[in-house]
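Descriptive analysis of the structure
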Amino acid sequence: ETECTTSDDFAKAFSGKTVLSGMKPFAQNYGGHQFGHWAGQLGDGRAMSLGEVVTSDKQRWEVQLKGAGMTPYSRSADGRAVLRSSIREFLCSEAMFHLGIPTTR
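What follows is about the overall build of the protein. A count of helical and extended segments in the protein gives three helices and four strands. The N-to-C order of helical and strand elements in the protein reads α-α-β-β-β-β-α. Overall, the protein is about 50 × 35 × 25 Å in size when its C-alpha atoms are taken along their principal axes. In the protein, buried positions account for 21% of the 105 residues. Taking the intrachain contacts of the protein between residues at least 6 apart in sequence as the baseline, contacts between residues at least 24 apart amount to 31%. In the protein, the 12 positive side-chain charges and the 11 negative ones have mean positions that sit 7 Å from each other.

If you want it as structure tokens, here you go:
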């Protein structure tokens, strides 16, 4: 399986530059609060789901890119993310999980 993950196609797909056969990427929209006020429709401006993988023990894993480019909900932004923001979001998510706060982790 190493050959698959070292291919040029793999690198392009998992950096958001191309879509492989069978992939059906999507971004989600949702409603919610932002900065303490109801914002109506929001959406994943930087997150793009590439699809789902089912493991040999039947676990389902979503494969998602964060900050790899524009989505239908990027508004006027480019959909990119700096590493600093991505690390901060990951650390906050892990902290919430380990504090027993329900998340989508």
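Predicted confidence across the protein gives a mean pLDDT of 86, with 98% of residues reaching 70 or more. By mean pLDDT, helix α1 (residues 2-5) is the weakest element of the protein at 74, and helix α3 (residues 83-98) is the strongest at 91.

For the rest of this paragraph, the subject is α3. Spanning 16 residues, α3 covers 23 Å between terminal C-alpha atoms, matching the ideal 22 Å at 1.5 Å per step. Looking at the residues trailing α3, positive phi occurs at G100, about 85 degrees.

Across five bridges, strand β1 (residues 29-34) lies against strand β2 (residues 37-43) in antiparallel orientation. Its bridge partner being in β2, Q34 is matched across the sheet by H37. Hairpin connection, β1 to β2: the antiparallel pair is bridged by two residues, and F35 has positive phi, about 60 degrees.

So, about the environment of Q28. Tracing the backbone shows Q28 in the loop between α2 (8-13) and β1. Since its relative accessible area comes to 40%, Q28 is described here as partly exposed. The spacing of Q28 and P72 is 44 residues in sequence and 8.8 Å in space, taken between C-alpha atoms. If we ignore the near neighbours within four places in the chain, the residues touching Q28 are G43, D44 and Y73.

Calculation notes
Residues numbered from 1 in each chain as written. Predicted model: local features only at pLDDT ≥ 70, side-chain atom pairs only at ≥ 80, totals over all residues. Heavy atoms only, no water. Helix = DSSP H or I, 4+ residues; strand = E, 2+ residues; numbered from the N terminus. Buried < 20%, exposed > 50% of the residue type's maximum accessible area, 1.4 Å probe, protein only. Contact = heavy atoms within 4.5 Å. Lys, Arg positive; Asp, Glu negative; His and termini not counted. Charge placed at Lys NZ, Arg CZ, Asp CG, Glu CD. pLDDT = per-residue confidence, 0-100. Expected span 1.5 Å × (residues − 1). Pairing = 2+ DSSP bridges.

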